[in-house]
Amino acid sequence: MSLFRPKSKKLTAAKKLEGAVQFPGDKSISHRYAMLAAIAEGPSEIHFFSTSADCQSTLDCLKALGVKIERKENVVKIAGAGMNGLRAPSGPLDAGNSGSTIRMLSGILAGQPFRSALAGDASLSRRPMKRVADPLTLMGARIKTAEKGCPPIEIEGGNLHPIRYEMPVASAQVKSAILLAGLFAEGETEVVEKAPTRDHTEIALEQMGADIGRHQRTIAVRGRARLEGKKLYVPGDISSAAFFIAAGLMVPESNLILHNVGLNPTRSALLDLLVPMGGRIKVVNLEMLNGELLGDLHVDASQLAGGEIPPELVPGLIDELPVLSILGTQTEEGLTFRGAGELRVKESDRLAAVAENLRRMGAEVEEFPDGLRVAGRQKLHGADIEPHADHRIAMAFAVAALVAEGTTVIQDSACVDISFPDFFETLGRVAG
């Protein structure tokens, strides 16, 4: 397998994948720990903080709000400013490519007694913010977005009041924004989910002293809480591990050990799907840290049945669906999923990007408005891959290259830095 740097990466098929991998800290958890530490009382120390560009965007925004932050490698120390200690930024806050930063930080800014603005790069500027602006407006914030409800977003915060909000779409980012805003409202703010989404915000809030209630699909937070800074440990990112899980299952004779992967039940739909299909994945060394489950995964090459992804699993697989589509081409029956229209409004239109690039590799794929169907037992050939500046598309097709005949070229390969800067180096190491 040959790899080289500049703007593109060339990859060829791998005979097997072997070795142990330690993943960067989970992006979702890193964002949340940093934001809560910023408004907590006293210092926090976050170990194994994500190396992603997205999470650095969150730290940069918090610094611009007056929060003292020190970063040394993967340890981040944050001097909590308290609930009332943030200060008005001197200019627009730059969220970069990070939807998590712009949406969740909007919840905190809605409760501040000053005006602020959040903007991002060209990709982020196309993503929908109305889903956050609407509930925060109901809570009393004054919010203005650009045309079509996209960034930049301007927020005039102030006195918020609690609401009970029934989510029109399943979104952990929107749920988190409302709960974070609820910290600044007198009384109890409730969010009712259509379908369960990742619960890292609820766990982190509980860990830092907030009063959280959960009943079926309703989550409540009591406002005017006092959060306390603490030492926190971030598990390895299962969304990053997903690419190595898929690769380890597909490439013959593979044997991978993936260390300290976050196994939160709201994020483990990937294992719930692949193990019944025949995936040889073993979970060992389970432990609980700061309310989050983590463990090691042993992944061996497997022949998967494929089939249709159950609709109830789709919301929990939204980040993994691109690489699962690649994996589907190597299963017996192929893979089909629907109910994933959310992929149209990610960093790229991921449904279109996956279909386009699979066809470039010679695969048979059918595109639906909200999903895909890929045929099984397909031979892929190397191709020129256009990831559309989307890290998950680039990484998914790097995995496809491992089982394709000939050479695959991933254009704009640096986009992987958004979530996993060492992705290609790590892949090259286990592919020998």
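Look up a bit, the structure's there.
Residues numbered from 1 in each chain as written. Predicted model: local features only at pLDDT ≥ 70, side-chain atom pairs only at ≥ 80, totals over all residues. Heavy atoms only, no water.

Some points on the sheet that holds strand β8 (residues 142–145)
In step 1: The strand order across the open sheet built from four strands is β6-β7-β9-β8, with neighbouring strands paired in mixed fashion. Pairing within the sheet leaves two strands with one partner each, and these edge strands are β6 (93–94) and β8.
In step 2: Pairing geometry for β8 and strand β9 (residues 153–156), over four bridges, is antiparallel. Pairing of Thr145 across the sheet is with Ile153, part of β9. (Pairing = 2+ DSSP bridges. Helix = DSSP H or I, 4+ residues; strand = E, 2+ residues; numbered from the N terminus.)

A few points about unusual backbone geometry
In step 1: A cis amide bond links Pro151 to the next residue, Pro152, at an omega of 5°.
In step 2: Here Pro152 shows up in the loop between β8 and β9.
In step 3: Phi is positive for Lys148, which is not a glycine, with a value near 65°.
In step 4: For Lys148, the position within the fold is in the loop between β8 and β9.
In step 5: Taking relative accessible area as the criterion, Lys148 reaches 75% and is therefore assigned exposed.
In step 6: Notably, Arg377 is not glycine yet its phi reads approximately 55°, a positive angle.
In step 7: Note on placement: Arg377 falls in the loop between β21 (371–374) and β22 (380–381). (Buried < 20%, exposed > 50% of the residue type's maximum accessible area, 1.4 Å probe, protein only.)

Looking at the packing of aromatic side chains
In step 1: Per the counting criterion, the structure on display carries seven aromatic pairs.
In step 2: With centroids separated by 6.1 Å and ring planes inclined at 75°, the aromatic side chains of Phe243 and Phe423 adopt a geometry described as edge-to-face. Of this pair, Phe243 sits in helix α7 (residues 238–250) while Phe423 sits in helix α12 (residues 423–430), and the two are 180 residues apart along the sequence. The exposure classification of Phe243 matches that of Phe423, with both residues buried.
In step 3: Between Phe244 and Phe420 the ring centres are 6.2 Å apart and the planes differ by 45°, which places this aromatic pair in the tilted class. With a gap of 176 residues between them, Phe244 in helix α7 and Phe420 in the loop between β25 (408–410) and α12 connect regions that are remote in the sequence. Each member of the pair, Phe244 together with Phe420, is buried.
In step 4: Here a set of aromatic residues connected by ring pairs shows up, and it is made of Phe23, Phe243, Phe244, Phe420, Phe423 and Phe424.
In step 5: Lys9 extends its terminal NZ or CZ atom over the ring of Phe424, reaching a point 5.1 Å from the ring centre.
In step 6: Of note, Arg338 hangs over the ring of Phe368, and the distance from its end group to the ring centre comes to 4.1 Å. (Phe/Tyr/Trp six-rings, centres within 6.5 Å; stacked < 30°, edge-to-face > 60°. Lys NZ or Arg CZ within 6 Å of the ring centre and 35° of its normal.)

Thoughts on the environment of Ala117
In step 1: The topology assignment puts Ala117 in strand β7 (residues 115–119).
In step 2: Here the alpha-carbon distance between Ala117 and His388, two residues 271 residues apart in the chain, equals 27 Å.
In step 3: Setting aside anything within four residues of it in sequence, one finds Ala117 in contact with Pro92, Leu93, Ile153 and Glu154. (Contact = heavy atoms within 4.5 Å.)

So, the nonpolar core
In step 1: One finds Phe244, Ile245, Leu258 and Phe397 to be the most contacted residues of the largest nonpolar core, which totals 77 residues.
In step 2: At ten residues, the largest contribution of residues to this core is made by α7.
In step 3: Excluding its chain neighbours within four sequence positions, the residues that come into contact with Ile245 are Leu258, Leu270, Leu271, Leu274, Ile281, Leu297 and Val299.
In step 4: With 67 residues, the next largest nonpolar core counts Leu59, Leu86, Ala95 and Ala185 among its residues. (Core = buried A, V, L, I, M, F, W, Y, C linked by side-chain atoms within 4.5 Å.)

Observations regarding the pattern of salt bridges
In step 1: One pass over the full model with this rule turns up 30 salt bridges.
In step 2: Residues Arg115 and Glu156 are paired through a salt bridge, measuring 3.2 Å at the closest nitrogen-oxygen approach. Placement of the pair is Arg115 in strand β7 and Glu156 in strand β9, with a sequence separation of 41 residues.
In step 3: Classification of Arg115 by relative accessible area gives exposed; the value is 63%.
In step 4: Among the salt bridges present, the one from Asp211 reaches Arg222, with a minimum N-O distance of 3.7 Å. Of this pair, Asp211 sits in the loop between α6 (200–207) and β12 (212–215) while Arg222 sits in strand β13 (residues 218–222), and the two are eleven residues apart along the sequence.
In step 5: For Asp211, a relative accessible area of 44% gives the class partly exposed.
In step 6: Several salt bridges converge on common partners, so that one network encompasses Arg127, Arg198, Asp319, Glu347, Arg350, Asp390 and Arg392. (Salt bridge = Lys/Arg side-chain N within 4 Å of Asp/Glu carboxyl O.)

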